[in-house]
Structures are given as structure tokens and as C-alpha cells.
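Residues per chain are reported as follows:
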Number of protein chains: 2
Amino acid sequence: MTAQSDYAALVQQGLSLDLTRGKPSPRQLDLSDALFRLPTSYRAADGTDGRNYGNLQGLAELRELFAPLIQVPAGQIVVGGNASLALMHDTIVHALLTPMPGAARRWVEEPEITFLCPVPGYDRHFTICERFGIKMVPVPMNADGPDMDVVERLVAEDASVKGIWCVPKYSNPSGIVYSDETVRRLAAMPAAAPDFRIFWDNAYAVHHLTDTPAELADLLALSAAQGDADRVFVYASTSKVTLAGSGVSFFGSSPANVEWFLRNTAKQSIGPDKINQLRHVEFLRDGAGVAAHMRRHAELIGPKFELVDKVLTEQLGGLATWTSPKGGYFISLDVPHAAEVVAKAKAAGIALTPAGATHPYGDDPADRTIRIAPTYPELAELEQAINGLAVCVRLVAEEHA
Amino acid sequence: MTAQSDYAALVQQGLSLDLTRGKPSPRQLDLSDALFRLPTSYRAADGTDGRNYGNLQGLAELRELFAPLIQVPAGQIVVGGNASLALMHDTIVHALLTPMPGAARRWVEEPEITFLCPVPGYDRHFTICERFGIKMVPVPMNADGPDMDVVERLVAEDASVKGIWCVPKYSNPSGIVYSDETVRRLAAMPAAAPDFRIFWDNAYAVHHLTDTPAELADLLALSAAQGDADRVFVYASTSKVTLAGSGVSFFGSSPANVEWFLRNTAKQSIGPDKINQLRHVEFLRDGAGVAAHMRRHAELIGPKFELVDKVLTEQLGGLATWTSPKGGYFISLDVPHAAEVVAKAKAAGIALTPAGATHPYGDDPADRTIRIAPTYPELAELEQAINGLAVCVRLVAEEHA
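Residues numbered from 1 in each chain as written. Chains lettered and ligands numbered in written order. Predicted model: local features only at pLDDT ≥ 70, side-chain atom pairs only at ≥ 80, totals over all residues. Heavy atoms only, no water.

Focus on empty space enclosed by the protein
Phase 1: The final tally for this structure, using the stated rule, is 11 cavities of 30 Å³ or more.
Phase 2: Each pocket or cavity is described by its volume, and for the largest cavity that value is around 940 Å³.
Phase 3: Forming the boundary of the largest cavity are 44 residues, of which Gly-81 and Asn-82 of chain A together with Gly-81, Asn-82 and Ala-86 of chain B lie nearest the centre.
Phase 4: Looking at the lining of the largest cavity, the elements that each hand over two or more residues are β2 (77–80), α4 (84–97), α9 (255–265) and α10 (274–284) of chain A together with β2 (77–80), α4 (84–97), α9 (255–265) and α10 (274–284) of chain B.
Phase 5: Per-class residue counts for the lining of the largest cavity are 18 nonpolar, 22 polar and four charged. (1 Å grid on protein atoms, 1.4 Å probe; cavity = no way out; pocket = protein on both sides within 12 Å on 5 of 7 lines; lining within 4 Å. Points joined across faces, edges and corners; volume = space filled by probe spheres on them. Helix = DSSP H or I, 4+ residues; strand = E, 2+ residues; numbered from the N terminus. Nonpolar A, V, L, I, M, F, W, Y, C, P; charged D, E, K, R; others polar.)

Okay, structure coming up:
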């Protein structure tokens, strides 16, 4: 059968499938059912009443639980609300409006601010930059992280380069893990801007799919050893550990940056939702509790990643390349004419993240990257969707043959 | 006995009492114990799964519950996190960095921005202005709201006046309620700045102490009737309804402002904590549920307000004046040499909000206002604290006699 008749049959099916966002499935959310009956006590470990105002930094017991998991000392962690994205957004707002440690002035007074964006990357990082007129420069991503020759050169030469977005473990969308050498170079590289910052979005710190978890070098410790701990902003959350909309988030950095962050946050809030923090401490208990919980996630979503890999291998061997992540939430599929493929899929009822979304300004110059989010649909639907996507890839290839 | 010997006896007692912040007491927080076992279902009224990402505006059922209580149509409400302060702060951040409807440019580009601050007022409003270099101009507060002759003149004549802070019902700290005429004039007054905004912090909308709740005219509706609904930003929260640290907050405004607010918030967050929203809907149920719940609060804190009034009357009749609010969280005490009184109290182990905190830049030119927060201590402690405070007032009066 030709791809054309396959595609006609696909459209005939009238599918309505969604692979756009990295959402946990209902069965994953069910794993955290116990949260609905927690906490059993509103008392924090220090005896304070978690129901009342206060404690801007967040409960010590929760910071201690996550300190080893996100590689930040508990005293240098701030616990936020339900979205680490808000912590990233607000860090940039704070930098725009209040000088950071080491900064000559507020970023809003800078003639130009540039962020390096390893590509493919996370669209919501890029959206924050676009909102504030921050210029984005794409940097190619290799199998061990961003191309460090490019990063080192730009950061050393251009004082307008104030930031770089990194998802260092099980990166969004490629799933790659930064090598020790990449992390070491990020910590050691000279920066022209005294207020250069690495936005270290460790969103998938504990989100392993295999029994051999990836190890990530400790950027904050390495930077501190180089005498520049201030260059690191660490972010993480439990959005994909417990409940996507009702988790807790973390900001971690050097003591000076944490002081700056809390000083600004003190104008914004009297304190975080500590009952939700207690809920999480009681539910997750400790590092072993988190690991056991994440294994249950892996049991549910591991087969989905395997299925995508199997279908793509069967259908697209030779026609496309894709990643086989050992953790995280995404698979990155590289095909010729990605935008046309996404459009064909959409017409057949299969919603994919818009082509280009993995690049700054929605512009994927090679028109190549498609982000696949396999976690939300159940296996049967996922199989339909990936088979359908493969038909679209073959059709577009045929049309361009 | 002289005040001096009374004060010596007071210091002798070695008290450690705190009247600084408007915190609910543990017994008030106990009223919301049922929240710890809610929600019983994670399904929103529209059938969506409240555990997952999404719904930036917040659940319709919660917006509908609070719409009549905060005088904003449900479609024009946005539900935020646990702090309405964050919504106010972030509104100003958005205005600084993204032009508002009607604004010629971003506020950060304005040569000067001025906010009118009715005094005495809420220190955390002033702190936000200070952070962003917004000039604050105090406006005297009368028994029916700010002196509208002054407000109208400044707003009409000075295009740098972009905002006014208002706590219109049971104001912080005086407890006064804006009259219909004040609200009507706020809605109708001409403004030199096209992007002038009234920050309507209706923090105590349902926080009545008596069985005859104060009525507040509907500023948003009156402004819309005048053709300028965009001038109103409404804020409220359940921080003093359910749990101080774990409530939900509300932003309400015109459709154009809500669109602007959500467009900015969309860059900051994927959505709010909808489980906590469901928890609140199930607990409070409807307007009658909120009213019944607030009556239970009034039963606990009403006697505290009465006690303060009784002690002050007995001890300070003729020496000082104070307000007798019918709702809210504060009593405003006017005495000569307030700063000295607060210092004496502190030396005797009675912590009060710093003198001047009720005024911009901490500067109370008449050195007169002391904010009393009677809700947190139990009655016996409160009686000790107010008796001690009265001794300090008498001592300072004697020293200046």
C-alpha cells in the first residue's frame, strides 16, 4: 500500500488524539491518591502551625527531603507554589526590576539582554524571554548537552549574554543528559557579564525510566568550587512526581542569590502554602519514598516510551531519527519537513506540539524537530497516534521524493 | 498610683505578647478543620480532572461562589494562589513590563509614577510601591473613606498618578467602610492618566463582626456605568476565611483588564492549584455557607474587639481616641507620641506594629497612629497586652505633661 492510501484510511478513522503536552496520565495521578487525606497534622517539624501565615522560605523538613535530590543544600532552597515555571519567570522579573548580586544595574536598564537557548528546548522557557524582549540565540544540542565550544565562546565574548536555559537531565524534548564534562565546563567557563546566570531547570531530576538512573554532576557545587556559585539558579518541582497542578516547586542557589530572591519575594507574599508542603512531606517521607514512587510512575510510562520506539522502528527505519530517553517526558523525532508532517497529522485528528515550538521564536531552521509526549494517552491510543504519525511522515517523504 | 509605678510593675511582669500582625487565632483556624479531608472528588463541575495542568482562570464553580461576595461577575474573576498580595504585586509587575489597556507605554518607561495612599493604611501595599520606586502621596482618611476632594484634585491634575490603594470595607487599620458617595465619586472622577487604576483590596468583604453587615457600593459596576470599568482592579482572598497560609485568592476587573492579566499570567504559570479550589468549593458550598462560617469567626473574635474597646475606655478615656470597627481585623488607636508609646511597650514585652507602619515610608507625620491586631491572642493575654499598652500611653502622656 502507498503512504497516500494509508493516509486516506487514517483520515477515514476520524481520530481525536493529543500528543501535545507532557501531562501525566490519570493512572499516574492516581498514584498520589493518599494526598487527599493528608496531612494528618498541621504542625511543622519546628512546632509552628502550618495553617497560619509565614515561613517565606518553606518548611525545613521539605527542603531537607529534596536537598540531595536536586543537589542544593537545604538552607539554600526556597519552596514555591505549584509551578517551578513561576519561579523561573519571577526570577527574571526580579532581575529586570532589582539588581542581582554582581549586576551593575537592573536588567530593564540594559540596552540588550541575550539568553542562550540549547535547541531543541522547552517552549515555555522561550515564551518567558519573548515576553520581556530578551534576545534568544540558539545553540546546537549534542548527545552530551549543548555544544560547549559555542557556549563558552558566546558567554566569554558577549557581555549581553546574561543567561542560558538548561534542562540538564532527560532534557525536554530530547531526553539527553548533560555529561560530567559539560557540567564542569559550564561551571568553569569565564563569563563577560558579571551577572551571567545558568537557569538549571532540573525538571526531571528523579524521573527515571530504567533501573540505572542517570547521574548528573553537581553544577552548584562545581561553580562554588570555582568561586562563582552565584551563576547557578536551580529549579525543580513535584508537578510530575505527585499532582501536575497541585505540587510544590523549588528554587535553589548560592546564599547571596537566595537572600536576593527572598528579599524580593517578601514584597510579593507573606508565605507559601505550608499545608501542601506538609502533605508532600508526609506522603513522600524521604529519598527512598520518592524513588519508590517514581518507580511506580516508570512502570506506567516506561511501556509507552518502548511502544513509541517500537512503532517508529517498524514504520520509519531509515526515514527518520529519534531519541530513546532513559527518563523524562519526551521523545524528539527528527524528520524532513516537520511542519508539513504536523499539519498532516492535525488534519487526521492527531494533535502534536506545533513544529518549531522546540526552537526560539518558533523557528526551527532545519524544519526537523517534532516533540512527542507519550505519557498521557493509554497504550492503545498511543499506538494509534504513533502509527498515524508514521503514516504522515511517510506521506510527506513520498510527496517530496 | 502614678503611670511610672504602673509601668515599673508592668516591666516586672516580664510579658511576651504580640499584637503586631492580623493573624487568625488557632481556634479560628480550627473552624476549617474539614478542609484536611477534602476534596472528596478531584472532578471539576465541567468534568475535567482537577489534578492535572491547566485552567489558568480557575474553576468556574469557585468563581461563581465568590462573584456576589466580591461584586465581580464570575467571568471576570481570576483565581490565584494562597495570597492576594501576590496578585497585587504581580499586577504592578505586569503594568511595569507590559502596557495595560489604555496605557501609552510600560510603567517602567514612565518618568514618574505616583500612587495615592489613604492613611492610615496597609503597610504591605506601601512596601510594594517602595520596591518599585513608585512615589506615594498620603491622603487623609475620613469616617467615610479617603478625603475625596483631595483624591479628585490629584487624580484630575497629575498624570503621574496611576493608582490609589483602597481597603474599602473594614479598612486596615481603621475599620471604616467607604460610603456610597465615596465609591460613586471614585467611579466618576476624571483621571489625567488614561491608565489610572483603583487597587480595590476588598480583603474583609465578608468579615463582619455584627449581625448588620456593612454594605459596600459596587465600584466595578459604577465605573462600568461611567464607561471606565478598566479603572478597577478588585482583590480578595480566603486567607482570613479558611486558612491564612492555604487559602485561595481572587483578581477581578473589566474584560479587557482580565484578558491583559491572563495573557501575562500565561507566561508565568500553566495553571493554579485546582485541588485547593475544589477543597474550598466543597467546604464553603455557597454564599450562605460562607456567611455561616464567618459568623463562627465573629463569635470568636467579636469579644476580643469588645475587650479592647472596654479596656481602652476604662484606662484611656480622654487621653486617646480609637476606632470601634464593625468588621475586619484591626483597631486604630490614636495617641500623642505614638513612637514613644510603642517603644515603651516593646521594652515591657508587648510587641506592636512599628509606629509609622500605617503610613508611606513609615512616616506618620503626626506620630499618632498605632495599629492594634486583637485577633491572635486569647482573651486573657489580650487583656494583659491592652492594659499594658494603656499604661505606656499614660506614662508617655505624663512624661510630656
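What to know about the pattern of salt bridges
Residues and elements named next belong to chain B.
Phase 1: A full pass over the atoms with the stated rule returns 39 salt bridges over all chains.
Phase 2: The closest approach of N and O atoms between Asp-149 and Arg-185, which form a salt bridge, is 2.6 Å. Highlighted residues: Asp-149 in helix α6 (residues 148–157) and Arg-185 in helix α7 (residues 180–188), separated in sequence by 36 residues.
Phase 3: The class of Asp-149 is exposed, set by a relative accessible area of 52%. (Salt bridge = Lys/Arg side-chain N within 4 Å of Asp/Glu carboxyl O. Buried < 20%, exposed > 50% of the residue type's maximum accessible area, 1.4 Å probe, protein only.)

Observations concerning the interface of chain B and chain A
Phase 1: At the interface, 55 residues of chain B touch 55 residues of chain A.
Phase 2: Summing both partners gives a buried area of about 4300 Å² for chain B against chain A, and 55% of it is carried by carbon and sulfur.
Phase 3: The largest per-residue losses of area from chain B upon contact with chain A belong to Phe-36, Arg-51 and Arg-131 of chain B, which jointly make up 19% of the total buried on that side.
Phase 4: For Asp-33 of chain A, the salt bridge is made with Arg-51 of chain B, and the minimal N-O distance between the two is 4.0 Å.
Phase 5: Counting every contact that joins chain B to chain A gives 24 residue pairs in polar contact (both at pLDDT 80 or more).
Phase 6: When contributions to the side of chain B that touches chain A are tallied by element, the ones reaching two or more residues are α2 (26–30), α4, α5 (123–131) and α10 of chain B.
Phase 7: At eight residues, the largest contribution of residues to the side of chain B that touches chain A is made by α4 of chain B.
Phase 8: Of the residues belonging to the side of chain B that touches chain A, the class tally is 25 nonpolar, 15 polar and 15 charged. (Contact = heavy atoms within 4.5 Å. Buried area = accessible area lost by both parts, 1.4 Å probe. Polar contact = N/O pair within 3.5 Å; in protein donor to acceptor, adjacent residues only side chain to side chain.)

Points about unusual backbone geometry
Phase 1: Going from Leu-38 of chain A to Pro-39 of chain A, the amide bond is cis rather than trans, its omega being -5°.
Phase 2: Topologically, Pro-39 of chain A is positioned in the loop between α2 (26–30) and α3 (60–70).
Phase 3: Here the phi dihedral of Tyr-170 of chain B falls at roughly 50°; this positive angle occurs in a residue that is not glycine.
Phase 4: Checked against the element boundaries, Tyr-170 of chain B lands in the loop between β6 (161–166) and α7.
Phase 5: A positive phi angle, near 50°, is found at Asp-367 of chain B, a position not held by glycine.
Phase 6: Along the chain, the position of Asp-367 of chain B falls in the loop between β12 (350–351) and β13 (369–372).

Describing the relation of the copies chain B and chain A
Phase 1: Mapping chain B onto chain A leaves a residual RMSD of 0.0 Å; the transformation is a rotation of 180° accompanied by 0.0 Å of translation along its axis. Taken together, the turn and the small shift mark the pair as related by a two-fold rotation axis. Considering only C-alpha atoms, the part of chain B nearest the rotation axis is Arg-37 of chain B, at 2.7 Å.
Phase 2: When the interface residues of chain B are mapped onto chain A, 100% of them again fall at the interface, so both copies present the same face. (Least-squares fit on C-alpha atoms with pLDDT ≥ 70 in both.)

Some words on helix α13 (residues 379–399) of chain A
Phase 1: Here α13 of chain A spans 30 Å end to end across 21 residues, near enough to the 30 Å set by a 1.5 Å rise per residue.
Phase 2: Taken together, the buried positions of α13 of chain A are occupied by Leu-382, Ala-385, Ile-386, Gly-388, Leu-389, Ala-390, Val-391, Cys-392, Val-393, Arg-394, Leu-395 and Val-396 of chain A. (Expected span 1.5 Å × (residues − 1).)

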